[in-house]
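# What the coordinates show
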Amino acid sequence: MNNVIIQIKSLQNYGFDDEDGIEFTTDGQYFTDGDMACISYEETAVTGMEGTTTRLMVEGRQVVLDRTGLIRSRMVFTPGEKNAFQYTTPYGVANLGIDTREVTQHFDENGGEMELIYVVNMEHAVVTRNKFHITVRQMGENTNG
């Protein structure tokens, strides 16, 4: 595992021009194993998921996002596929679905970047349209662009 700087930009559209976004930078861990890249970081109050660890496993056009701790979920993103998952919080469990539209990524032993475009639904109704962009850089590298 390498210590890295992780920059995350996330945009959610709730319909009717109601968009919400978040952008933050955090420390994390990163490693590659063949064609698979693994990214791990601790969520903070900025994301509203403090006490949660997020791990992303990226291989080809598939991304698996695991959250453990206060918030628990396992989301599988594969373009053109719909996947169901449980989103567990201290307040209860929600059964949700994701419809992955696009996964683009480029990672190597030094880091890289990825973008996910997907729709979250509940009981077949669209809840949000999402764009998630993550950039991973080795400690000490310039993170501005």
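Structural notes, computed from the coordinates. Just so we're clear, the structure is a prediction, and the values are computed from it rather than from any experiment. (Residues numbered from 1 in each chain as written. Predicted model: local features only at pLDDT ≥ 70, side-chain atom pairs only at ≥ 80, totals over all residues. Heavy atoms only, no water.)

### Some points on the overall build of the protein
Quick reminder of the rule: The way it works is that DSSP assigns letters per residue, a run of H or I at least four long becomes a helix, a run of E at least two long becomes a strand, and they are numbered from the N terminus. We compute the radius of gyration from the C-alpha atoms alone; for a globule the expected value is 2.2 Å times N to the 0.38, where N is the number of residues. Each residue is assigned to one of three classes by its accessible area relative to the maximum for its type, calculated with a 1.4 Å probe on protein chains only: buried under 20%, partly exposed between the two thresholds, exposed over 50%. Each accessible area is a Shrake-Rupley estimate made with a 1.4 Å probe; only the visible protein chains count as cover when residues are assessed. Neither His nor the chain termini are counted; the positive set is Lys and Arg, and the negative set is Asp and Glu. All charge positions are set by atom: Lys at NZ, Arg at CZ, Asp at CG, Glu at CD.
The number of helices and strands found in the protein is 0 helices and 10 strands. The linear arrangement of helices and strands in the protein, starting from the amino end, is β-β-β-β-β-β-β-β-β-β. For a compact globule of 145 residues, the expected C-alpha radius of gyration is about 15 Å, and the protein comes in at 15 Å, within 12% of that figure. Projecting the C-alpha coordinates of the protein onto the three principal axes gives extents of approximately 45 × 30 × 30 Å. Within the protein, buried positions represent 43% of all 145 residues. Within the structure as shown, the protein displays about 8,300 Å² of accessible surface, and the carbon and sulfur contribution to it stands at 46%. Taking the average place of the 11 positive charges on the side chains of the protein and the average place of its 22 negative ones, the gap between the two points comes to 5 Å.

### Focus on the sheet that holds strand β1 (residues 2–13)
Going by this rule: Two strands pair under a simple rule: DSSP has to find at least two bridges between them. Think of each axis as a best-fit line through the C-alpha atoms, taken over the contacting stretch in the case of a helix, with angles from 0 to 180 degrees between the N-to-C directions.
The 10 strands are arranged β6-β5-β4-β3-β2-β1-β10-β9-β8-β7 in an open sheet whose pairing can be described as antiparallel. With one partner strand each, in any of the chains shown, β6 (73–77) and β7 (82–89) form the two edges of the open sheet. With direction set aside, neighbouring strand axes in the sheet form an average angle of 30°. Across 11 bridges, the pairing between strand β9 (residues 111–122) and strand β10 (residues 125–138) is antiparallel. Its bridge partner being in β10, Asn-121 is matched across the sheet by Val-126.

### So, the packing of aromatic side chains
Put simply, the rule is: Stacked, edge-to-face and tilted are the three classes for Phe, Tyr and Trp ring pairs, Trp counted by its six-membered ring, which pair at centre distances within 6.5 Å; planes under 30 degrees apart are stacked, over 60 edge-to-face, the rest tilted.
Summed over all chains, the structure comprises 2 aromatic pairs. For the ring pair Tyr-30 and Phe-107, a centre distance of 6.0 Å and an interplane angle of 40° mean the geometry is tilted. Linking Tyr-30 in strand β2 (residues 19–33) with Phe-107 in strand β8 (residues 92–108), this pair joins segments that are 77 residues apart in sequence. Both residues of the pair, Tyr-30 and Phe-107, belong to the buried class. For the pair Phe-77 and Tyr-118, a centre-to-centre distance of 4.8 Å together with 65° between the ring planes defines the contact as edge-to-face. In this pair, Phe-77 sits in strand β6 while Tyr-118 sits in strand β9, placing the two residues 41 residues apart along the sequence.

### Looking at the pattern of salt bridges
Operational definition: We define a salt bridge as a side-chain nitrogen of Lys or Arg found within 4 Å of a carboxyl oxygen belonging to Asp or Glu.
Per the stated rule, a full pass over the model turns up 3 salt bridges. As a salt-bridge pair, Asp-66 and Arg-74 come within 2.7 Å of each other at their nearest N and O atoms. Among the residues examined, Asp-66 registers a relative accessible area of 16% and is labelled buried. The exposure class assigned to Arg-74 is partly exposed, which follows from its relative accessible area of 47%.

### Considerations on the nonpolar core
To keep it simple, the criterion reads: Within this scheme, the nonpolar core is defined by two criteria: the residues are buried Ala, Val, Leu, Ile, Met, Phe, Trp, Tyr or Cys, and they are joined through side-chain atoms within 4.5 Å. Residues count as neighbours in contact if any of their non-hydrogen atoms are within 4.5 Å of one another.
Judged by nonpolar contacts, the single largest core of 26 residues is most densely connected at Ile-39, Tyr-41, Phe-77, Met-114 and Ile-134. Not counting the four nearest positions on each side in its chain, Ile-134 is found in contact with Ile-6, Gln-7, Ile-8, Ile-39, Tyr-41, Leu-56, Gly-112, Glu-113 and Met-114.

### Some words on the pairing of β7
Note on strand geometry: in a regular strand, side chains alternate between the two faces of the sheet. As defined by bridge partners, β7 adjoins β8 across 8 bridges and the pair is classed as antiparallel. For Ala-84, the partnering residue across the bridge sits in β8 and is Gly-97. The antiparallel pairing of β7 with β8 creates a hairpin that spans 2 residues between the two strands.

Treat this as a map of the structure, not an account of what it does.
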